[in-house]
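# Survey of secondary and tertiary structure
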Amino acid sequence: MQAVVSVRLDLVDQDGIEDVRAEVEATLARLAPVVVEMVRDRHAAISKELVNVFLQGATPRAVDLAQARLQARAYRQVFEGTEWLSAAQIGELAQLGTGNPTGTVNRWKAQRKLFAIHRDGKDHYPRYGLGPDFRPLPQLAGVLKVLAHYDGERLASWFESPSGYLDGQRPRELLASQPGQVMAAARDAVEAEQVAG
């Protein structure tokens, strides 16, 4: 790695070395949140695998099976309720260029401007979180900040669930048109959890 960098620096005049150094530092700064997120996702996956290993041979109870069925039905509704896009699809639709469009989308996720759910080995991003230009809606970041303790699956379920606070409409249906109402519904959800907790 150092040899490649030194060869590249040898090709740059002295005035350009600082520009190259700044570019490398900026690239590393952009990669750091993505790497942290990847490590966190991998740790979560390892934890799930360990639980499965320890549960082998355990007979599931009827309540466990019923809960699994309900959870599967909820996930199906989440996936069927809206369009989900891969980072590559967003990169293409947003015309993010040929450099590293998926890296840009992953950075949006790491910065909590967008969220994803992980399924079939890759992240899927909700279309309703993107504007007409296929970039994150600014109001989504505010909602994600309020619901900071929600993971991707829980966020997807919250956005998909009809809300009494929103007169039975789903938060995803009003995110673009009535962001203030969706933000208030998110705060209400957090307050309700604190009261119940």
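Residues numbered from 1 in each chain as written. Predicted model: local features only at pLDDT ≥ 70, side-chain atom pairs only at ≥ 80, totals over all residues. Heavy atoms only, no water.

### Section: the overall build of the protein chain
Helix and strand counts for the protein chain come out as nine helices and three strands. Each helix (α) and strand (β) of the protein chain, taken in turn from the N terminus, gives the series α-α-α-β-α-α-β-β-α-α-α-α. Of all 197 residues assigned to the protein chain, the portion counted as buried reaches 30%. Partitioning the intrachain contacts of the protein chain with sequence separation of at least 6 by distance along the chain shows that 56% fall at a separation of at least 24. Taken as a whole, the protein chain presents about 13,000 Å² of accessible surface, with 55% of it coming from carbon and sulfur. (Helix = DSSP H or I, 4+ residues; strand = E, 2+ residues; numbered from the N terminus. Buried < 20%, exposed > 50% of the residue type's maximum accessible area, 1.4 Å probe, protein only. Contact = heavy atoms within 4.5 Å. Areas by Shrake-Rupley, 256 points an atom, 1.4 Å probe, with all protein chains shown as cover.)

### Points about the packing of helix α3 (residues 62-81) against helix α7 (residues 152-160)
Between α3 and α7, whose axes approach to 10 Å, the crossing angle comes to 70°. Taken together, the axes of α3 and α7 lie roughly perpendicular to each other. Along this stretch, α3 crosses α7, giving a crossing that reads as left-handed. Together, Y75, Q77, V78 and G81 of α3 and E153, A156, S157 and E160 of α7 make up the contact between the two elements. Of the residues assigned to the contact of α3 with α7, the class counts are three nonpolar, three polar and two charged. (Axes fitted to C-alpha atoms, helices over the stretch in contact; angles between N-to-C directions. Parallel < 35°, antiparallel > 145°, perpendicular 65-115°, else oblique. Left-handed = near helix turned anticlockwise from the far one by under 90°. Nonpolar A, V, L, I, M, F, W, Y, C, P; charged D, E, K, R; others polar.)

### Let's talk about the packing of helix α6 (residues 138-146) against helix α9 (residues 179-196)
Their axes nearest at 9 Å, the elements α6 and α9 cross at an angle of 10°. Taken together, the axes of α6 and α9 lie roughly parallel to each other. Across the interface between the two elements, Q139, G142, V143 and V146 of α6 pack against P179, V182, M183, A186, R187 and V190 of α9. Considered class by class, the residues forming the contact of α6 with α9 number seven nonpolar, two polar and one charged.

### Comments concerning the packing of aromatic side chains
What describes a pair of aromatic rings is the distance from one ring centre to the other and the angle between the planes of the rings. In the structure shown here, the tally under the stated rule is six aromatic pairs. Taken together, a centroid distance of 6.4 Å and an interplanar angle of 75° make the contact between W84 and F115 edge-to-face. Of this pair, W84 sits in strand β1 (residues 84-85) while F115 sits in the loop between α5 (101-110) and β2 (117-119), placing them 31 residues apart in sequence. Residue classification places F115 among the buried positions, given a relative accessible area of 3%. On the numbers, 5.3 Å between centres and 40° between planes, the contact of Y128 with F159 is tilted. A residue pair is termed long-range when its members are at least 10 positions apart, and Y128 in the loop between β3 (122-126) and α6 and F159 in helix α7 qualify at 31 residues. The pair Y128 / F159 is uniform in exposure class, with both members buried. Among the aromatic residues, ring-to-ring pairing joins W84, F115, Y128, W158 and F159 into one connected group. Between R127 and the ring centre of F134, over which it is positioned, the NZ or CZ distance is 4.1 Å. The ring centre of Y150 lies 3.9 Å from the NZ or CZ of R154, which sits over that ring. (Phe/Tyr/Trp six-rings, centres within 6.5 Å; stacked < 30°, edge-to-face > 60°. Lys NZ or Arg CZ within 6 Å of the ring centre and 35° of its normal.)

### What about the side chain of S86?
Turning to its location among the elements, S86 is positioned in the loop between β1 and α4 (87-93). The class for S86 is buried, based on a relative accessible area of 10%. In this structure, S86 is in contact with K122, D123 and Y125, ignoring residues within four places of it in sequence.

### Some details on the environment of D188
One can find D188 in helix α9. For the pair formed by D188 and V146, sequence separation is 42 residues and the distance between their alpha carbons is 9.9 Å.

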